[in-house]
Amino acid sequence: QVQLVESGGGLVQPGGSLRLSCAASGFTFSSYAMSWYRQAPGKERELVAAATSASGGINYADSVKGRFTISRDNAKSTVFLQMNSLKPEDTAVYYCNAQHRLILSSTYWGQGTQVTVSS
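Predicted, not measured: the structure shown is a model, and the values here were computed from it.

Student: Explain the overall build of the protein to me, please; I cannot follow it from the model alone.
Tutor: The helix and strand inventory of the protein stands at 0 helices and 11 strands. In the protein, the succession of α and β elements from N to C terminus is β-β-β-β-β-β-β-β-β-β-β. Over its C-alpha trace the protein gives a radius of gyration of 14 Å, about what one expects of a compact globule, namely 14 Å for 119 residues. Across its three principal axes, the protein shows a C-alpha extent of roughly 40 × 25 × 25 Å. Expressed as a percentage of its 119 residues, the buried residues of the protein come to 40%. Across the protein, contacts joining residues at least 24 apart in sequence account for 55% of those joining residues at least 6 apart. Carbon and sulfur atoms make up 49% of the accessible area of the protein, which amounts to about 6,200 Å² in all.

Right, dumping it as C-alpha cells:
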C-alpha cells in the first residue's frame, strides 16, 4: 500500500521558518523524483521544488529560490522542505508528490499539509 504522509505544517509569522516532511512507503523511493507542490485558495496547484535523486537534479520555483530547500533521504524514504523567510503569499496547502523517473503513469500524492503565514 502506497503512502505519502506529510507533516510539519502550521501557523507561522512572516519571516519565520517551517520544515515539512513527507514519509513514503509502499514503493521504491529511490526510483522516484520527489517534489513539493502547493495550492492556495482559488489558485492552481503549482510546483514548489523537486529533487530528482539523492545526488542532484534539484529545481525550485522562482518565487521560493533562496528561501526554500528541498532534500531527500533515500535511506529513510523521506523528503523534506525547509522553508525560511516565509511570506504571507506562501500560505497554501503543501502536497508531496512522487513521480517515477521513467514511468509517467506512476505518480502518487500525499494528503497535503496546511501552511499559514500570518501575523
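Student: What am I meant to see in the sheet that holds strand β8 (residues 78-83) here?
Tutor: Each strand in a sheet pairs with another by means of backbone hydrogen bonds, the pair being arranged parallel or else antiparallel. Taken in spatial order, the 4 strands make up an open sheet running β1-β3-β8-β7, and their pairing is antiparallel. The open sheet terminates on both sides in strands that have one partner only, identified here as β1 (3-7) and β7 (68-73). For this sheet the average axis-to-axis angle between neighbouring strands, irrespective of direction, equals 15°. As paired elements, β7 and β8 share 6 bridges and run antiparallel to each other. Paired with R72 across the two strands is V79, which belongs to β8.

Student: Can you walk me through the state of the cysteines in this structure?
Tutor: Two cysteines form a disulfide when their sulfur atoms are joined by a covalent bond. Applying the stated rule across the entire model yields 1 disulfide. Note on cysteine connectivity: C22 is disulfide-linked to C96, with sulfurs 2.1 Å apart. Handedness here is read from the sign of the S-S torsion; for C22 and C96, about -80°, the answer is left-handed. Of this pair, C22 sits in strand β3 (residues 18-25) while C96 sits in strand β9 (residues 92-100), placing them 74 residues apart in sequence. This pair shows no difference in class: C22 is buried, exactly as C96 is.

Student: Looking at this model, I keep getting lost on the pattern of salt bridges. Mind explaining?
Tutor: Opposite charge on two side chains lets them pair, provided their charged atoms get close. Scanning the entire structure with this criterion turns up 4 salt bridges. Its salt-bridge partner being D62, residue K65 comes within 3.1 Å of it at the nearest N-O pair. Of the two residues, K65 and D62, both sit in the exposed class. Across the pair R67 and D90 runs a salt bridge, and its minimum N-O distance is 2.7 Å. Linking R67 in the loop between β6 (56-60) and β7 with D90 in the loop between β8 and β9, this pair joins segments that are 23 residues apart in sequence. Exposure class is identical for R67 and D90. Each is buried.

Student: Would you mind going over the pairing of β9 with me for this structure?
Tutor: Two faces belong to every sheet, and in a regular strand the side chains alternate between them. The buried count for β9 comes to 7 of 9 residues, which makes it a mostly enclosed element. Pairing geometry for strand β4 (residues 32-39) and β9, over 8 bridges, is antiparallel. Within the sheet, the bridge partner assigned to Y32 lies in β9 and is H100. Of the pairings in the sheet, the one linking β9 to strand β11 (residues 113-117) comprises 3 bridges and is antiparallel in character. Looking at the pairing, A92 lines up with V115 of β11. Note that β9 and strand β10 (residues 107-109) share 3 bridges and pair antiparallel.

What counts and how
- Residues numbered from 1 in each chain as written.
- Predicted model: local features only at pLDDT ≥ 70, side-chain atom pairs only at ≥ 80, totals over all residues.
- Heavy atoms only, no water.
- Helix = DSSP H or I, 4+ residues; strand = E, 2+ residues; numbered from the N terminus.
- Rg over C-alpha atoms; globule rule 2.2 N^0.38 Å.
- Buried < 20%, exposed > 50% of the residue type's maximum accessible area, 1.4 Å probe, protein only.
- Contact = heavy atoms within 4.5 Å.
- Areas by Shrake-Rupley, 256 points an atom, 1.4 Å probe, with all protein chains shown as cover.
- Pairing = 2+ DSSP bridges.
- Axes fitted to C-alpha atoms, helices over the stretch in contact; angles between N-to-C directions.
- Disulfide = S-S within 2.5 Å.
- Salt bridge = Lys/Arg side-chain N within 4 Å of Asp/Glu carboxyl O.

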